[in-house]
Structures are given as structure tokens and as C-alpha cells.
Amino acid sequence: MSDPRDSTSHPVEESLWRHGRPPFQSDQLPVGERAGVVIVGAGLTGLVTACLLARTGHDVIVVDAHEPGALTTGGSTGKVSLLQGATLSAIADHHPEEVVRAYVAANEAGQRWLHDFLVINGVRFDERPAVSYAGSAESVARLEREFALGRSAGLSLERTRDTELPWQVEIALRLDGQLHVNTMSLIDALVDEVRAHGVRVVGGCTATAASAASGGLRVRTSHGDIMADRVIAATGTPFLSRGGHFARMEAKRSSLAAFRVPGEPMQGMYLSLDEPRRSLLSTTLAPAHSAGEDRLLLVGGAASIVGRARTLSERPDEVDAWTTARFPGATLLRRWWAQDYSTLDDAPYVGPLRPGERRILVATGFGKWGLANAAAAGLALTALVNGKGLAWAHTLYRRRGWPAPNVAQMLHTNAAVVAEMARGATRLLGGENEAAGAKDDARVELDGVKSVAHCTVGGVTHRVSAVCPHLGGIIAWNAEESTWDCPLHGSRFAPDGTRIEGPARNGLGAVDAGPRHVATPPAAPEA
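Keep in mind that this is a model prediction, so the values were computed, not measured. (Residues numbered from 1 in each chain as written. Predicted model: local features only at pLDDT ≥ 70, side-chain atom pairs only at ≥ 80, totals over all residues. Heavy atoms only, no water.)

Novice: If you had to explain the overall build of the chain to someone new, which residues and values would you point to?
Specialist: From N to C terminus, the chain includes nine helices and 25 strands. The buried share among the 527 residues of the chain stands at 57%. Counting every atom, the chain has about 21,000 Å² of accessible surface; 52% of that belongs to carbon and sulfur. (Helix = DSSP H or I, 4+ residues; strand = E, 2+ residues; numbered from the N terminus. Buried < 20%, exposed > 50% of the residue type's maximum accessible area, 1.4 Å probe, protein only. Areas by Shrake-Rupley, 256 points an atom, 1.4 Å probe, with all protein chains shown as cover.)

Novice: How would you explain the sheet that holds strand E21 (residues 460-465) if you had to name every residue and give the values?
Specialist: Either a parallel or an antiparallel arrangement is found when strands of a sheet pair, and the pairing is made through backbone hydrogen bonds. If you walk across this open sheet you meet the three strands as E19-E20-E21, and the pairing is antiparallel. Looking at which strands have only one partner, the edges of the open sheet turn out to be strand E19 (441-447) and E21. Across the sheet, the mean angle separating the axes of adjacent strands is 20° when strand polarity is ignored. (Pairing = 2+ DSSP bridges. Axes fitted to C-alpha atoms, helices over the stretch in contact; angles between N-to-C directions.)

Novice: Could you give an account of the packing of helix H3 (residues 97-120) against helix H5 (residues 183-196), naming the residues involved and the relevant values?
Specialist: The interhelical angle for the contact between H3 and H5, taken along N-to-C directions, is 75°, at an axis separation of 11 Å. Regarding the angle of H3 to H5, the classification is roughly perpendicular. Here Trp113, Leu114, Phe117 and Leu118 of H3 lie close against H5, whose contacting residues are Leu186, Ala189, Leu190 and Glu193. Here the contact of H3 with H5 is built from residues that sort into seven nonpolar, no polar and one charged. (Parallel < 35°, antiparallel > 145°, perpendicular 65-115°, else oblique. Contact = heavy atoms within 4.5 Å. Nonpolar A, V, L, I, M, F, W, Y, C, P; charged D, E, K, R; others polar.)

Novice: So what's going on with unusual backbone geometry? Which residues, and what values?
Specialist: Comment: phi is negative for the bulk of residues other than glycine, and the bulk of peptide bonds are trans. With omega at -5°, the peptide bond leading from Glu275 into Pro276 counts as cis. Locating Pro276 in the fold gives a position in the loop between strand E12 (269-272) and strand E13 (278-283). A positive phi angle, close to 50°, is found at Ser214, a residue other than glycine. Tracing the sequence through the fold places Ser214 in the loop between strand E8 (207-213) and strand E9 (216-221). Phi angles above zero are rare outside glycine, and Asp346 is one such case at about 70°. Examined against the element boundaries, Asp346 turns out to sit in the loop between strand E16 (331-343) and strand E17 (349-352).

Novice: Let's hear about empty space enclosed by the protein: which residues, and what values?
Specialist: Taken as a whole and assessed by the stated rule, the structure comprises eight cavities of 30 Å³ or more. When its volume is computed, the second largest cavity comes out at roughly 70 Å³. If you trace the second largest cavity, you find 13 residues lining it, with Glu250, Ala251, Ile305, Arg308 and Leu488 closest to the centre. Listing elements by their share of the lining of the second largest cavity, those giving two or more residues are strand E11 (249-260) and helix H9 (404-430). Among the elements that make up the lining of the second largest cavity, the one with the highest residue count is E11 (three residues). Here the lining of the second largest cavity is composed, by residue class, of eight nonpolar, three polar and two charged. (1 Å grid on protein atoms, 1.4 Å probe; cavity = no way out; pocket = protein on both sides within 12 Å on 5 of 7 lines; lining within 4 Å. Points joined across faces, edges and corners; volume = space filled by probe spheres on them.)

Set out below in C-alpha cells:
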């Protein structure tokens, strides 16, 4: 088996934006040297932060287990919108209204920064209306609340029933002047700028630890150790578990599909509040080398918790059927998946890893709205490093204890984690094929006293530990993506055990073949 820290053994699923890109040319990690700031994660949050810090004279190194934009940013729809479904209502369920207003202010600041950056650097983007719509009485009520909260926070929301959709809606909210961008074009421009400022961007380099040493921090990576005055964890979930963020978030995975659709593209960027949840967006921003992909409809499904069973409506064939029924002639061109992290109180976490630990900062928990939030986080993190403050950041990112609804949500979420641990033990004892009906064969089983995950993909068989190295969950097979996923906190691994993403720091160890002890069900009676 390859080194679990080597990301090259399992290529990340290619999104529309990443399709056909040349290999990333990584900088070398200056092992043993010291930097002012080491940023872990070369997605949008990490690169915006690196850009802002470099502009103010900081010595910065960015490391990423894969390459810039490889995961969440590169898998995004590319919407930079201040209208975000019912996000304001969700925040208001847990926080006073001043936090809602601060969230809007943060996203406005992030969107404004991205807009200016795109214009200055000549990155192509579209200005489009964002539209959230509802049909059921419950969803209409939620949208009315979103309208009131948004208008109170200064958003120029409009109620309407007039949409481009080929079906009638009860109510829709519209916000003009929102942005749509090819996220990898944005990432490329950021990499160019930070390198122009002397920032080294190191791909294929996994950070696994950060500890106090020699008056600073020693950052352990798969390429060797480096020293830093500060560390910023700009990964989906912080690579350092001692902050406990994994227990206060849910890792969710959702599908995106690009369809060729006859007719003129829609101008609006649409999001439903009804089940099944769907995101709809026409794009003309596919890479120039993607022939025939210049006018596509992007369809996103609702998010499901990583490693757990998806509802019927979120399975790929159901999303496809939903799309072709509403857009006759739609032809599937490409499908990919993206992973996001949602906090239990619906507000992002940006700031110290733990109270008082100001040399290690984190940014996470943006849900499915990571583009504007990522830029806002970069602004806030840069202000913290420079000893300054932003009023909206102080209001938004400061936690206010644990009110009853938040405690109840945490208990519910972690009770589900415990239940998944029990289900994992049951699956381990059963040894059933978890890829039944799919093209692959996969199972978790006991081999003597060893917990083994066994899979055959493309004719190649792998045997690895079935135990997630993060907190010991039993991994589950993801047949759609041919990966092992942990249902506890969202770590994901390639068939050969290579770590892909999540709070686990290492991959799944290889297990030598030995006598198999698989529970055999009774034979069915002959016909």
C-alpha cells in the first residue's frame, strides 16, 4: 500500500472546474526553516488569508495535503451569494439578531473583497440574481422569516412569484447583483499573487501536528518539520483535534451534476427550500479546453452526513430523474461530490483553536456557503494576526456560552455518533457486502481479532484496517465514489487506505491477508 500521507495514489474526483487541469507545480517545503505564518489548507480560505498577510509583509508558507482547490473550493457551484436559502433563520434560532446582522456584514465584506480581486486580476465572472423559492406552507413561512431578517440586516431582498423555472412557485426571494465564478480560475489567480509576494505553496504535504518549541510552533508534516510563529488551520475541519471542533460540527457531502440542456440558460441562481432540496445554476464559465461544455445546467442535491445512508431522493439516479423530468432533453455530462462542514449553532468558527491559544487560529463551519464566508474569514484572521479587530468579526465569531437549544443539538448530534459506533460493530460482525448491486465488492469483517475493510475496485483488491484512526469508528463503503467513509466525523479514505480528507491525520493501515472469518448466512432453500 502507498504511504497514507501521499495524496497522489487516489486522484480526487474531478469537478467541472478541475477537469483537464495540468498537474500542480508545487514549491519545496523549507524543512527546518522558520516562517512567520504557516497556513494549512490551500482552499479559498487559506489562499485569501495568505494573500492578505503577504500584502502586509508577513512571511507565509501554505501547505496542502492535495493541491490548491482540490476539495471543497474546487467542488463548489461557484456561487458567491448573500442570499443563502434559510441560513439567516437558522442562525436566528441559536443567536440574537445582532449575530444575524454580523453574518450578513461578514458575507458582504467577503463578497466585496472577492469582487474587487476578480476585477483587478481580470478573472472572468458573472453578476446574476440569486433566488430562493418555496412551495409548501412550511417552506413559505421559513422564506418569509428569511425575508424579514434579511431586510432588517440591510439586504435588498424582493418578494416575487416570477421565475424562469418551468414550474410555479408559491413565493421566491430575489437578490440581484450576486456573483458566479469558476472557482479554479479564482484559485489560480490567488496562487499567482501569493507567489509574487514570495509565499511558498506546497502541495502533497499533510500537516499532522503543531506543538510549542523554541519560542514558536513546530509544525510536523509528511515532508518534514518546519517552525512558525503562528499556524492557521484553514482546512475543512481543523487538523488539530484538541480544539474539539469535530464534536461541534457535522460533515456533509452533496452531489453536483452538470447537464447539457436545450434552450437558453437561466439567469438566476436558484435554491429550493422544499424537499427534495435542489440547487440550479446555468453556467458558461467551464474551462476553455472543455469543448461543448460552455452552456451547462448545474444541479446540486441536498447534503447527507458523510458515511451514513443517503435518503432515496438524494441518490444520483433520483437527482438525474428529477432533472430530466423538469428539463426535457437534459443529458448528464459530469458528476462530482463536495464536502462541507456545518456547525451545530449555524455560525462559522473563526478564531483561536482554543480560548487563549492565539498562536493557532482556525476557520471552519461555513456550511454550503464557503466562498463569501472564506473571504470573510481571511479578513478576520488577518486582522487577528495584525492585532486589529473587525466589529462584525467580534460579534459573529464570539461564542456566547451554551444556551439550551445548542446543548440539545450537541447531545442529539453526538448521540447519533454513538449510534453509528454501535452500527459499525454490527456491520463488522455481519461481514456483508456493502457494495451490493454496485460494480465493486466491499465489506468490513473480523479477521481473527483484526477489524478489516476489504474491497475490490477495478479488479484490484485491497485489505486495510476498518478502524478510522481519528476516534475508532468503523468505516463504511461509499459505492458512488468508491471510498471508505467514517460515519462519525467525516474522514474519508481511498480504497487502498490513503487519507483523502477529514479530521483523521493518517490513512488506514494495510492488513496482510490471512484466514477469513466471515459470518455466513444460512443458504436459501432451492427453488
